[in-house]
There are 2 protein chains.
Amino acid sequence: MTDGTAGRPAPGAVGWTVPAAEALRAGPGYDLASLDRRSTPGFDGDKDAGRAAMQQRGEVLSVLQEQLYAHGRTGGDRSVLLVLQGMDTAGKGGVVRHVLGMVDPQGVALRAFGVPTPAEAAQHYLERIRAALPAPGRIGVFDRSHYEDVLVVRVEELVPVAQWEGRYDEIVAFEEEVAARGTTVVKVLLAVSYEEQAARLRRRLERPDKHWKYDPADIDARGRWGEYQEAYQAVLDRTSTPGAPWYVVPADRKWFARLAVTELLVEALEGLGLTWPEVDLDVAGELARLEATLP
Amino acid sequence: MTDGTAGRPAPGAVGWTVPAAEALRAGPGYDLASLDRRSTPGFDGDKDAGRAAMQQRGEVLSVLQEQLYAHGRTGGDRSVLLVLQGMDTAGKGGVVRHVLGMVDPQGVALRAFGVPTPAEAAQHYLERIRAALPAPGRIGVFDRSHYEDVLVVRVEELVPVAQWEGRYDEIVAFEEEVAARGTTVVKVLLAVSYEEQAARLRRRLERPDKHWKYDPADIDARGRWGEYQEAYQAVLDRTSTPGAPWYVVPADRKWFARLAVTELLVEALEGLGLTWPEVDLDVAGELARLEATLP
């Protein structure tokens, strides 16, 4: 850390003992297998404290998002891109709903990436990603992303190893280019445990109103759990860069996962150092024009 | 009304004496000029009652939205399109934020239509609208819409009268086509008063953090208030059809405007008569497969 905040939580971040970005960053040598997926790295509090912190920081996030939007509307080029990855049931949808649900929908550009359509499959895998990058002033959210092209594609051998092997470096170069255009990339791996995934799939099966979400293929993917974890480890090893680090969020406690992503976004937005745009406006003159319209 | 609910509010709609759709619909002979823009048609309650009703109905809206989404994910073709129109400061952004903010962002497709880009201006005015129509299962939201092409375009004489005059019928035909593809169109005019607009513009001018939102052109449009009201009246007269009626929501009380749009959406979604999709799923078999993955 060279920004002078090492070890200190972001201002106002009640309950965090260090910045979330520091507590959750996957640095060199990070070992995914050793993560306790019920842990709450960096946060010293229980579920109630977490909920209170989330609400408080949600209000901060909302103001920061509006500043980012204002910045974009007045010619600024900055944006933020939240990339969400994780196994089925890890809680990506819940993060979208509960974290991004705290800010103005007009400032959020959400995109879910499923199995490529035939048209997408005929293109380079980064083309559909590039087309969905956030405009200036926006918070883009990718529910799955280009990382599927080195995760499911690798594990299920959808393309030969020679083809996916080169993608790690290509993705790093792509994200450098994205950063250069003004987009801060926040990559979050929601890490749910094998046991918790079973409990969540069971609940889904036991609720008729959730059956439409259930896909028998989820159990097939579960059969390749170890290979998926290896593929995630390779992603962390090869694409967690200083400019676009991965954050690994233990996801067995939903409240923590949502709080952690909230805090990561707050820190990323605070890092932009935005203020309200200075607008060249003749306030007294406009007030006079306005009064002249009244009887 | 032929659906047997005339005069009765939607089930569970606390505070509404009649369905919002009935209280707010602009039928034949509707007179915009006579509307009290601080009134709360159909709702018998004050601000506190309105807030309680909004929260309660927001939860209903959230479940209905998820059912619509599930419907779309399982092959259904229905969707809903909320069209928001109104003078500057009428509260379109607040409706988007506070009403749509109550449902899952993944199910909402929001699009704001500003001054056409050069590429858009080179196309037929309905082309950019058509491209933004909601996919099955989604709630689409248009913050301004094709109606600008008979509002600002008419008042500011951006095209000759002979050109915009034909657009009313064209829009009616277009919306019939949209309905035929499965989209329920809910058109809302947020009607703010001349006096309240002045108060809101004044507050915007008095707050430095809102200056980026202030556009001196808003005062110019205010100078043509009467012409804009005439243009809105023409929209109501010529495009409020049985299949896609206009709802006029008095907008001087923000809490009422948001509550009314919430209720209109709830009623529209309930009108689809959706239930949770019946999925062909071998629950016992899947539970057995799941258990087999556990030690």
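Our subject is the structure listed above.
Treat the numbers as computed from the prediction; the structure is a model and nothing was measured. (Residues numbered from 1 in each chain as written. Chains lettered and ligands numbered in written order. Predicted model: local features only at pLDDT ≥ 70, side-chain atom pairs only at ≥ 80, totals over all residues. Heavy atoms only, no water.)

S.K.: Before we move on, can you summarise the interface of chain A and chain B with the specific residues and values?
M.R.: With 44 residues of chain A at the contact, the number on the chain B side is 44 residues. Here chain A and chain B share an interface that buries about 4100 Å² over both sides, 65% of which is from carbon and sulfur atoms. The largest per-residue losses of area from chain A upon contact with chain B belong to Arg97, Trp212 and Leu290 of chain A, which jointly make up 18% of the total buried on that side. Our count for the contact surface shared by chain A and chain B stands at 8 salt bridges. Among the ionic pairs, Asp220 of chain B bridges to Arg289 of chain A, the shortest N-O distance being 2.5 Å. One can count 18 residue pairs in polar contact (both at pLDDT 80 or more) joining chain A with chain B. Where the side of chain A that touches chain B is concerned, the elements lending two or more residues are α2 (47–73), α3 (92–98), α9 (194–206), α10 (217–222) and α13 (283–292) of chain A. In terms of residue class, the side of chain A that touches chain B is made up of 23 nonpolar, 7 polar and 14 charged. (Contact = heavy atoms within 4.5 Å. Buried area = accessible area lost by both parts, 1.4 Å probe. Salt bridge = Lys/Arg side-chain N within 4 Å of Asp/Glu carboxyl O. Polar contact = N/O pair within 3.5 Å; in protein donor to acceptor, adjacent residues only side chain to side chain. Helix = DSSP H or I, 4+ residues; strand = E, 2+ residues; numbered from the N terminus. Nonpolar A, V, L, I, M, F, W, Y, C, P; charged D, E, K, R; others polar.)

S.K.: Before we move on, could you go through the environment of Asp149 of chain B and cite the residues and values that matter?
M.R.: Inspection of the secondary structure assignment puts Asp149 of chain B in the loop between β3 (139–143) and α6 (152–155). The spacing of Asp149 of chain B and Val159 of chain B is 10 residues in sequence and 9.2 Å in space, taken between C-alpha atoms.

S.K.: Would you mind going over the sheet that holds strand β1 (residues 79–86) of chain B in detail, with residue names and values included?
M.R.: All names here are of chain B. Here we have 5 strands laid out as an open sheet, ordered β2-β3-β1-β4-β5, and parallel in their pairing. Both edges of this open sheet fall to β2 (108–112) and β5 (246–250), since each of them pairs with a single strand only. Neighbour-to-neighbour, the strand axes of this sheet turn through a mean angle of 20°, independent of strand direction. Taken together, the 8 bridges between β1 and strand β4 (residues 183–191) define a ladder with parallel strand orientation. Within β4, the residue paired with Ser79 across the bridge is Thr183. On top of the sheet, helix α11 (residues 225–239) reaches β1, β4 and β5; it is set at about 145° to β5, its chief contact. (Pairing = 2+ DSSP bridges. Axes fitted to C-alpha atoms, helices over the stretch in contact; angles between N-to-C directions.)

S.K.: Mind laying out the side chain of Arg57 of chain B, listing which residues take part and the relevant values?
M.R.: Residue and element names in this part refer to chain B. Looking at the element boundaries, Arg57 is found in helix α2 (residues 47–73). Exposure remark for Arg57: the relative accessible area of 2% places this residue in the buried category. A polar side-chain atom of Arg57 sits 3.0 Å from a polar atom in the side chain of Glu263. Excluding anything up to four places from it in sequence, Arg57 contacts Ala10, Pro11, Gly12, Ala13, Thr262, Glu263, Val266 and Glu270. (Buried < 20%, exposed > 50% of the residue type's maximum accessible area, 1.4 Å probe, protein only.)

S.K.: Provide a residue-level description of the relation of the copies chain A and chain B, including the pertinent values.
M.R.: For the match of chain A to chain B, the screw axis carries a shift of 0.0 Å, the RMSD comes to 0.0 Å, and the turn is 180°. Taken together, the turn and the small shift mark the pair as related by a two-fold rotation axis. No C-alpha of chain A lies nearer the rotation axis than that of Gly101 of chain A, which sits 3.0 Å from it. The share of interface residues of chain A whose copies in chain B are also at the interface is 100%, consistent with both copies meeting through the same surface. (Least-squares fit on C-alpha atoms with pLDDT ≥ 70 in both.)

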